[in-house]
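Spelled out, the chains give:
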Amino acid sequence: MGISCTGCKLYNKENIMKKIKKIWALLLIAALSVSILAGCGKKKEDNNSNVKLDPDNLVSANVDDKYGSCYQVFIYSFCDSDGDGIGDFNGLTSKLDYIKDLGFDSIWLLPFHKSPTYHKYDVIDYYSIDEEYGTMEDFDKFIAACKEKNIDVYMDLVINHTSSRHDWFKTAREYIKGLKKGEEPDYSVCPEAEYYNFNKEGGNGYTKIPGDGGWYYESQFQSGMPDLNLDCTALRTEIEKIAKFWYDKGIRGYRLDAALHYYEGNNDKSTEALKWFYDYVESLDSSNYVVAEVWSDASALDKFYESGVDSLFNFPYGTSEGYIVLTCNRAGNGSGGGKFANFVVNRYVEVKAIDSNYIDAVFLGNHDTGRPAGFLKYNENAVKFGAALQFFTPGKTFVYYGDELGMSGTGKDENKRAPMYWNENENTAGMTKGPSAMEKQEHRFGSYETQKDDKLSIYNYYKKALLIKNAFPSIGRGTPEALTKLIEQDGNLYALSYTTDNEKTYVICNDSEEATTVTVSKSDYSYTGIAATLSVSEEEASLDGEKLTIPAFGCVVLK
């Protein structure tokens, strides 16, 4: 049978033209897609020019450096996996998604070595895992899980002192006790005797060794914590071996306890010791991070920054008397936010002049200071706003477990290390019992289970604040500058710009119980619009032309 071509689609000129047009359209769409993707790839290089703002759909930039945000964990009170009421590594591993989801990229572990105390700052064996926390195998699994989630792990390393039950000290003490009257130690006979500070004069911070020899050992904190002699070269070699052991295990940072006391009353020598340790850790891996505790005022901190260490905890900003808490508690006085913004910039310049590579370590509270919720008088708005000031201040952010829930804890140390408030029901799986000497804590705000689905909870506020910080890498990393013209309009504004090679971001927070409206001139500040907002209530910041309205205790990011 013959085939008729009349009306045949194959040879119909009209349909052929339609197919050609469709093919050209598809080719054009593909070309445009390639062009758009190329433009997106180039956008970072072009300093985020013509950036499209989408405040409701922020995405973490996932920058891999020493900045970011760190979650501090007291393992003992965090999460229990075996029902004994004491937190452990398996319990902590089970909560890594919680930590990652909050927005943290690193974890600082309080001491976990074998120790006779619940706090474990008196180490018996630097190469061990305390059996209360599990086994070395449990630790290895924890590290592996952190690597999978791109979470760096920092360990608290106590090199100012050991436990009096450490083999070093037991050997040294028995040797010193056995010396005859008038006989001096021979370190070739007992090398460990040089690891500690023994004398016959005693003095403040010294403990007498029982016996007739008349010997004392330095113990500035307590008799069960004999101070190490960091002048001893052999001891420094032992400490380097310890750091290398844990680096090989996967540790990527060290928090150095009591660095102010390495040489009691001698900051020059303590700074030198800090430099020695930092230089060694850097020689292992330049990406390793070291932060030291120097609990003192700015002048002492300045001296220790001469060591070149990555960070020192900023005690003038944190604690109950720090600038952040004072700014929040004086909200609405007409100058709090603006005064703090200017102080932040001036302090940044001062420390950069000492160490151009420094990274501030900004915290509100920790295991020694008590809980920020108490500092901030359990005012929910102040608790939230304090976190904003902390996260939007230059440097690396440190948050003590449970502060994201507004947990309580003040008074003796045990109270500051209460069980993580996962659930109101103390018998819920994972809940810990806390230190035996802890007084019962009455938390003013809900548990995690209560807060997680409440979009206005402290927990979700912390989560949003961290998301904003992570979405705009210049916040914390960039060079800060006070937005003077805005502060002159309203002294309650904590108003800064942050500038890096690739990004400029404006952060403006209203330290007041009243909304405020200011003019943000585009001739003064180069921005497109609102990139993110953070609020303690349902109200959000808005921009009408150049008129920016920020609600009470509200924050806005302009780009």
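Residues numbered from 1 in each chain as written. Predicted model: local features only at pLDDT ≥ 70, side-chain atom pairs only at ≥ 80, totals over all residues. Heavy atoms only, no water.

Once that is clear, we can look at the sheet that holds strand 1 (residues 69-73). Spatial ordering of the open sheet is given by 9-8-7-3-2-1-11-10, a layout of eight strands whose pairing is parallel. Of all the strands in the sheet, the pair left with one neighbour each is strand 9 (311-312) and strand 10 (361-362). Running at roughly 170° to strand 7 (residues 253-256), helix 8 (residues 267-284) makes contact with strand 3 (152-157), strand 7, strand 8 (289-292) and strand 9 of the sheet. (Pairing = 2+ DSSP bridges. Helix = DSSP H or I, 4+ residues; strand = E, 2+ residues; numbered from the N terminus. Contact = heavy atoms within 4.5 Å. Axes fitted to C-alpha atoms, helices over the stretch in contact; angles between N-to-C directions.)

Counting buried residues along strand 3, five of its six residues qualify, which places the element largely inside the surrounding structure. By the bridge criterion, four bridges tie strand 2 (residues 106-109) to strand 3 in an arrangement that is parallel. In the sheet register, serine 106 faces strand 3, and the bridge partner there is aspartate 152. Following the backbone out of strand 2, through helix 5 (residues 136-148) and into the adjacent parallel strand 3, one traces a crossover that is right-handed. Note: strand 3 against strand 7, four bridges, orientation parallel. The partner of methionine 155 across the bridge, within strand 7, is tyrosine 254. (Buried < 20%, exposed > 50% of the residue type's maximum accessible area, 1.4 Å probe, protein only. Right-handed = clockwise from strand over helix to strand, strands pointing away.)

Next up on the list: the pattern of salt bridges. Applying the stated rule across the entire model yields 33 salt bridges. Notably, a salt bridge pairs aspartate 413 with lysine 416, separated by 3.5 Å at the nearest N-O pair. Connected through shared salt-bridge partners, Asp156, Arg255, Asp257 and Glu293 make up one network. (Salt bridge = Lys/Arg side-chain N within 4 Å of Asp/Glu carboxyl O.)

Turning our attention to the nonpolar core. Counting residues in hydrophobic clusters, the biggest one holds 171 residues, and the most contacted among them are Tyr254 and Phe392. When residues of this core are assigned to domains, at least three map to each of domain 1 (167-218) and domain 2 (478-558). Excluding its chain neighbours within four sequence positions, the residues that come into contact with tyrosine 254 are Tyr154, Met155, Leu157, Ala243, Trp246, Tyr247, Phe277, Val281, Tyr289, Val290 and Val291. (Core = buried A, V, L, I, M, F, W, Y, C linked by side-chain atoms within 4.5 Å. Domains from an automatic or database assignment.)

Side chains of strand 7 alternate between two faces, with Gly253 and Arg255 and Tyr254 and Leu256 buried alike. Pairing geometry for strand 7 and strand 8, over four bridges, is parallel. The residue of strand 8 that forms the bridge with leucine 256 is alanine 292. The parallel pair strand 7 and strand 8 is bridged by helix 8, and the resulting crossover is right-handed.

This brings us to the domain arrangement of the protein. Domain assignment breaks the protein into domain 1 (167-218) and domain 2 (478-558). The C-alpha-based centres of domain 1 and domain 2 are spaced at 61 Å.

The geometry of helix 5 relative to helix 7 (residues 233-249) is characterised by a closest axis approach of 10 Å and an angle of 60° between their N-to-C directions. It follows that helix 5 is oblique to helix 7 by the angle criterion. Touching Met136, Phe139, Asp140 and Ile143 of helix 5 are Phe245, Trp246 and Lys249, all from helix 7. Per-class residue counts for the contact of helix 5 with helix 7 are five nonpolar, no polar and two charged. (Parallel < 35°, antiparallel > 145°, perpendicular 65-115°, else oblique. Nonpolar A, V, L, I, M, F, W, Y, C, P; charged D, E, K, R; others polar.)

A word on the UniProt feature "domain: Glycosyl hydrolase family 13 catalytic" (unreviewed entry) in the protein. Those places that UniProt annotates as "domain: Glycosyl hydrolase family 13 catalytic" (unreviewed entry) correspond, in this numbering, to residues 72-435. Measuring from the first to the last C-alpha atom of residues 72-435 gives 17 Å, for a span that is 35% helix and 10% strand. (UniProt positions renumbered as here; feature names shortened; annotations may be inferred.)

Turning to helix 6 (residues 167-177), a few remarks are in order. Restricting attention to buried positions, one finds in helix 6 the residues Trp168, Phe169, Ala172, Tyr175 and Ile176. Axial view of helix 6: buried residues confined to an arc of 135°, hence all on one face. Summarising the contacts, the buried residues of helix 6 are in contact with strand 4 (198-199), strand 6 (216-218) and helix 7. (Arc of directions from axis to C-beta.)

One way to put it is that helix 9 (residues 298-305) packs onto helix 11 (residues 336-354) with a least axis distance of 9 Å and a crossing angle of 30°. Pair helix 9 / helix 11 crosses with right-handed handedness. Facing helix 9, whose interface residues are Ala298, Leu301, Asp302 and Tyr305, helix 11 presents Arg347, Val351 and Ile354. By residue class, the composition of the contact of helix 9 with helix 11 is five nonpolar, no polar and two charged. (Left-handed = near helix turned anticlockwise from the far one by under 90°.)

Across the sheet, which stays open at both edges, the three strands sit in the order 4-6-5 with antiparallel pairing between neighbours. On the outer flanks of this sheet lie strand 4 and strand 5 (206-208), each paired with one strand and no other. When strand 4 meets strand 6, the two strands line up antiparallel, connected through two bridges. Bridging across to strand 6, asparagine 199 finds its partner in tyrosine 216.

Checked against the element boundaries, tryptophan 168 lands in helix 6. For the pair formed by tryptophan 168 and leucine 228, sequence separation is 60 residues and the distance between their alpha carbons is 10 Å. In this view, tryptophan 168 contacts Tyr126, Thr162, Glu192, Tyr195, Tyr196, Leu228, Leu235, Glu238 and Ile242; residues no more than four positions away in its chain are not counted.

What follows deals with the confidence of the model for the protein. For any part of a model where pLDDT is low, the fine detail of the predicted coordinates should not be relied upon. Per-residue confidence for the protein gives a mean pLDDT of 91, with 91% of residues at or over 70. For the stretch residues 1-50, pLDDT sits under 50, and the model shows 15 contacts to residues farther than four places along the chain or on other chains. (pLDDT = per-residue confidence, 0-100.)

By the secondary structure assignment, asparagine 415 is in the loop between strand 11 (396-400) and helix 14 (448-451). Within polar-contact distance, the side chain of asparagine 415 engages the side chain of glutamate 439 at 2.8 Å. (Polar contact = N/O pair within 3.5 Å; in protein donor to acceptor, adjacent residues only side chain to side chain.)

Another point: the packing of aromatic side chains. Working definition: an aromatic ring pair is given by the centre-to-centre distance plus the angle between the planes. Taken as a whole and judged by the stated rule, the model has 47 aromatic pairs. When the centroid spacing of 6.0 Å and the interplanar angle of 75° are considered together, the rings of tryptophan 276 and phenylalanine 277 count as edge-to-face. For the pair shown, tryptophan 276 and phenylalanine 277 are each scored as buried. Between the aromatic rings of tyrosine 305 and tyrosine 358, the centroid separation amounts to 5.2 Å while the plane-to-plane angle is 85°, which identifies the pairing as edge-to-face. In this pair, tyrosine 305 is assigned in helix 9 and tyrosine 358 in the loop between helix 11 and strand 10, connecting sequence segments 53 residues apart. Side by side, tyrosine 305 and tyrosine 358 carry an identical accessibility label, which is buried. The structure contains a cluster of three or more aromatic residues connected by ring pairs, namely Tyr71, Phe78, Tyr98, Phe104, Tyr400, Tyr401, Trp422, Tyr448 and Tyr459. The ring centre of tryptophan 422 lies 4.1 Å from the NZ or CZ of lysine 95, which sits over that ring. A cation sits over an aromatic face here: arginine 444 above tyrosine 378, 3.9 Å from the ring centre. (Phe/Tyr/Trp six-rings, centres within 6.5 Å; stacked < 30°, edge-to-face > 60°. Lys NZ or Arg CZ within 6 Å of the ring centre and 35° of its normal.)

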